[in-house]
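Architecture and fold: a report
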Amino acid sequence: MEKEPQNRGTGEPSQEETVPEAQELSKEAEYLETLQRLQAEFINYRNRMEKERSVVIERTRNDLLVKFLEVRDNFERAPKRDEGIELIYKQFLQIFEEEEVEEIPDGTVFDPDVHEAIGTVDTHDRGTIVAVTRKGYKRHDHVLRPTQVIVGNKEPMEETKHE
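Quick caveat, the model's predicted, so the values are computed rather than measured. (Residues numbered from 1 in each chain as written. Predicted model: local features only at pLDDT ≥ 70, side-chain atom pairs only at ≥ 80, totals over all residues. Heavy atoms only, no water.)

Moving on, we come to the confidence of the model for the chain. With 84% of its residues at a pLDDT of at least 70, the chain reaches an overall mean of 84. When mean pLDDT is taken per element in the chain, strand β4 (residues 137-139) scores highest with 95 and helix α1 (residues 15-77) scores lowest with 88. (pLDDT = per-residue confidence, 0-100. Helix = DSSP H or I, 4+ residues; strand = E, 2+ residues; numbered from the N terminus.)

As C-alpha cells, then:
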C-alpha cells in the first residue's frame, strides 16, 4: 500500500494531490451528466418513435377502410343478393363494426365538418339538407368520408317593416 504524501506536521494530503483528485471527480460528474442526458434523449426518441408509429398505423388503417367503403356502397346498391353474397356482406359489416366505423347521422342542417355539399336547390331554406346522395362514415371522431348531400339555397324571406 502506497503512502500518500502529507503536509509536514498536519497529517493532511498535500495540495498537489487534492487538485488531481478534484479534477478526476469533476470529470466523473461530467461523464455522469452526459450519460444521464443521453439516456433521457434516447427515452424521448423512443417515445416519439412509438407515437409516430401509432399515428402511421391509424392513418394506414383509416385509408384502407375508406377504400372498402365503396365496396360496402356497392353491396347496398345491389338489388337482390343471394344467400352467399348476403353472408359475405354481413361479414363485411362485422369488420366495420370491429374497427368502430360508424355511419354519420344525416341531420337536417348542413355541417361542413361532416357533410360535403354536391348540389343546391332553391326550394328549401339555405343550409337545410334536402337529400343524401352518399352516406358518410367516421371512426373515433375522425371523418373517413363525409356524407354527400344536396343543400337548400333559398334565401329566407325577410319581413318587411311598415313605417
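Let's shift gears to the pattern of salt bridges. Summed over all chains, the structure comprises 13 salt bridges. Its salt-bridge partner being Arg53, residue Glu50 comes within 3.3 Å of it at the nearest N-O pair. Within this pair, Glu50 and its partner Arg53 are both found in helix α1, separated by 3 residues, close to a single helical turn. Take Arg53: its relative accessible area is 49%, and that puts it in the partly exposed class. Taking the shortest distance from any N to any O, the salt bridge between Glu70 and Arg134 comes out at 3.6 Å. Taken as a pair, Glu70 in helix α1 and Arg134 in strand β3 (residues 129-134) lie far apart in primary sequence, 64 residues in all. According to the relative accessible area criterion, Glu70 is partly exposed, its value standing at 36%. In the salt-bridge network here, residues are joined through shared partners; they are Glu58, Arg61, Glu99 and Arg139. (Salt bridge = Lys/Arg side-chain N within 4 Å of Asp/Glu carboxyl O. Buried < 20%, exposed > 50% of the residue type's maximum accessible area, 1.4 Å probe, protein only.)

Counted by the stated rule, this structure contains 4 aromatic pairs. Centre to centre, the rings of Phe68 and Phe92 are 5.7 Å apart; their planes meet at 75°, and the pair counts as edge-to-face. Linking Phe68 in helix α1 with Phe92 in helix α2 (residues 83-98), this pair joins segments that are 24 residues apart in sequence. Under the relative-accessibility criterion, Phe92 is labelled buried at 12%. Taking 5.3 Å as the distance between ring centres and 40° as the angle between the ring planes, the aromatic pair formed by Phe75 and Tyr89 counts as tilted. Of this pair, Phe75 sits in helix α1 while Tyr89 sits in helix α2; the two residues are 14 residues apart in sequence, bridging distant segments of the chain. For the pair Phe75 and Tyr89, a shared accessibility class is recorded, and that class is buried. In textbook terms, an aromatic cluster arises when at least three aromatic residues are bridged by ring pairs, as seen for Phe68, Phe75, Tyr89, Phe92 and Phe96. Here Arg72 stacks its cationic end above the ring of Phe96, 5.3 Å away from the centre of that ring. (Phe/Tyr/Trp six-rings, centres within 6.5 Å; stacked < 30°, edge-to-face > 60°. Lys NZ or Arg CZ within 6 Å of the ring centre and 35° of its normal.)

Bringing the environment of Ile150 into the picture now. Looking at the element boundaries, Ile150 is found in strand β6 (residues 147-154). Ile150 sits 17 residues away from Thr133 along the chain, and the two C-alpha atoms are 7.4 Å apart.

Spatially, 3 strands are ordered β1-β4-β5 in an open sheet, and the strand pairing comes out antiparallel. Each edge of the sheet is formed by a strand with only one pairing partner; in this case those strands are β1 (101-103) and β5 (142-145). Each strand of the sheet is rotated relative to its neighbour by a mean of 35°, with strand direction disregarded. (Pairing = 2+ DSSP bridges. Axes fitted to C-alpha atoms, helices over the stretch in contact; angles between N-to-C directions.)

Another aspect to go through is unusual backbone geometry. Of note in the backbone geometry, His140 takes a positive phi value of approximately 55° without being a glycine. Structurally, His140 can be placed in the loop between β4 and β5. Taking the relative accessible area as the measure of exposure, His140 reaches 45% and is therefore partly exposed. The residue Asp141 is not glycine, and still its phi comes out positive at about 65°. For Asp141, the location among the structural elements is in the loop between β4 and β5.

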